[in-house]
Amino acid sequence: MKRSSFVAMIMGTVSAVLFALGMCMALTPEWNSFQPGVILGCVGLLFALITVMVWRKMEHKAPIRISGKTVLTAVVGVAGALALGVGMCFSMVWEQMIPGIVIGLIGIVALLCLIPLTKGIKD
């Protein structure tokens, strides 16, 4: 295993644990720790961004250029994931099966749109 991959794996694991713990703290009402949970989740996200930058630097890759396509890809990905999650909440938490399935399918279709958006369509 390359040193850069090992460092990225360790840093990515730490950032995922921080983010997950922060979200658990924020979303579990019994813990009464919403604000510290949000802060810890944001620290996890920040650490994930630092991980990407460190890995790219160790691999001698150019920094990520932000273009309209990059922003559109991120927006479609976030919207699709949120729609899928909201659909699951409708179905499983709020016991509204039909709206949950419809919203979840919309999220799945949005996530499937990421494939041609990132890879393109070729003959």
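Details of the structure are given in the entry above.
What counts, and where the lines are drawn
- Residues numbered from 1 in each chain as written.
- Predicted model: local features only at pLDDT ≥ 70, side-chain atom pairs only at ≥ 80, totals over all residues.
- Heavy atoms only, no water.
- 1 Å grid on protein atoms, 1.4 Å probe; cavity = no way out; pocket = protein on both sides within 12 Å on 5 of 7 lines; lining within 4 Å.
- Points joined across faces, edges and corners; volume = space filled by probe spheres on them.
- Helix = DSSP H or I, 4+ residues; strand = E, 2+ residues; numbered from the N terminus.
- Nonpolar A, V, L, I, M, F, W, Y, C, P; charged D, E, K, R; others polar.
- Salt bridge = Lys/Arg side-chain N within 4 Å of Asp/Glu carboxyl O.

1. Some thoughts on the layout of surface pockets
Next up, step 1: Estimated volume of the largest pocket: approximately 360 Å³.
Next up, step 2: The element best represented in the lining of the largest pocket is helix H2 (residues 34–58), accounting for six residues.
Next up, step 3: Broken down by class, the residue content of the lining of the largest pocket amounts to nine nonpolar, no polar and three charged.

2. Thoughts on the pattern of salt bridges
Next up, step 1: Inspection of the entire model under this criterion finds one salt bridge.
Next up, step 2: With a closest N to O distance of 3.1 Å, Lys2 and Glu59 form a salt bridge. A residue pair is termed long-range when its members are at least 10 positions apart, and Lys2 in the segment before helix H1 (3–27) and Glu59 in the loop between H2 and helix H3 (68–92) qualify at 57 residues.

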